[in-house]
Amino acid sequence: MWSVVLMGLAGVLVGGGISFHQQKKPLWVSVSFYVLAGMSLLAAYLLTLPGN
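The residue numbers shown here count from 1 along each chain, following its written sequence. Predicted model: local features are reported for residues with pLDDT of at least 70 only, side-chain atom pairs are reported and counted for 80 or more only, and whole-chain, interface and lining totals are derived from all residues. Derived side-chain values reflect all non-hydrogen atoms in the structure, with water molecules and hydrogen atoms excluded from consideration.

This part takes up helix H1 (residues 2-22). In an α-helix, one turn spans 3.6 residues; hence positions three or four apart end up facing the same way. The way it works is that DSSP assigns letters per residue, a run of H or I at least four long becomes a helix, a run of E at least two long becomes a strand, and they are numbered from the N terminus. Multiplying 1.5 Å by the residue count of a helix minus one yields the expected span of that helix. With 21 residues, H1 extends 30 Å from end C-alpha to end C-alpha; this agrees with the ideal 30 Å at 1.5 Å per step. Throughout this description, buried means an accessible area under 20% of the type-specific maximum (1.4 Å probe, protein chains only), exposed means over 50%, and partly exposed covers the range between. Turning to H1, its buried residues are Ser 3, Leu 6, Ala 10, Leu 13, Gly 16 and Gly 17. The buried residues of H1 occupy an angular sector of 130° when projected down its axis, which confines them to one face. Pointing more than 90 degrees away from the buried face of H1 are the exposed residues Val 4, Val 12 and Gln 22. Backbone geometry just after H1 places Lys 24 at a positive phi near 60°. Note that the arc is computed from the directions linking the helix axis to the C-beta atoms.

Put into structure tokens, the structure is as follows:
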């Protein structure tokens, strides 16, 4: 259940990063959104491992 929520959150964060990039915001804003999305996907993957 939580892995699906985290994958959805990653999608929203990637969309936010793309949106801020199109609005010509500073690069660090978009990169931080992408990093947070990656961390969310990593957490979702770790929750799918056996023993959790």
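Having seen the structure, we can now continue with the description.
The next thing to look at is the UniProt feature "transmembrane region" (unreviewed entry) in the chain. UniProt positions are given in the numbering used here, feature names are shortened, and annotations may be inferred rather than shown by experiment. In the UniProt entry, the feature "transmembrane region" (unreviewed entry) is given for residues 29-49. In the segment residues 29-49, helix accounts for 95% and strand for 0%; the C-alpha atoms at its two ends are 31 Å apart.

Between H1 and helix H2 (residues 27-48), the least distance of the axes is 8 Å, while the angle of their chain directions is 165°. Classed by the angle they form, the pair H1 and H2 counts as roughly antiparallel. Every pair of crossing elements has a handedness; the one defined by H1 and H2 is left-handed. Partitioned by chemical class, the residues of the contact of H1 with H2 number 18 nonpolar, seven polar and no charged. Lines fitted to the C-alpha atoms define the axes, with helices restricted to the stretch that makes contact. Angles between their N-to-C directions range from 0 to 180 degrees. Any angle that falls under 35 degrees is termed roughly parallel, while one over 145 is termed roughly antiparallel, one within 65 to 115 roughly perpendicular, and all others oblique. Left-handed describes a crossing whose near helix is turned anticlockwise from the far helix through less than a right angle; right-handed describes the clockwise counterpart. Residues are sorted three ways: Asp, Glu, Lys and Arg are charged, Ala, Val, Leu, Ile, Met, Phe, Trp, Tyr, Cys and Pro are nonpolar, and all the rest, Gly among them, are polar.

With respect to the secondary-structure elements, Gly 15 resides in helix H1. The partly exposed category is assigned to Gly 15, whose relative accessible area is 35%. In sequence terms Gly 15 and Ala 37 are 22 residues apart; their C-alpha atoms lie 9.6 Å from each other.

Within the chain, Lys 24 stands out as a residue other than glycine whose phi angle is a positive 60°. Within the secondary structure, Lys 24 sits in the loop between H1 and H2.

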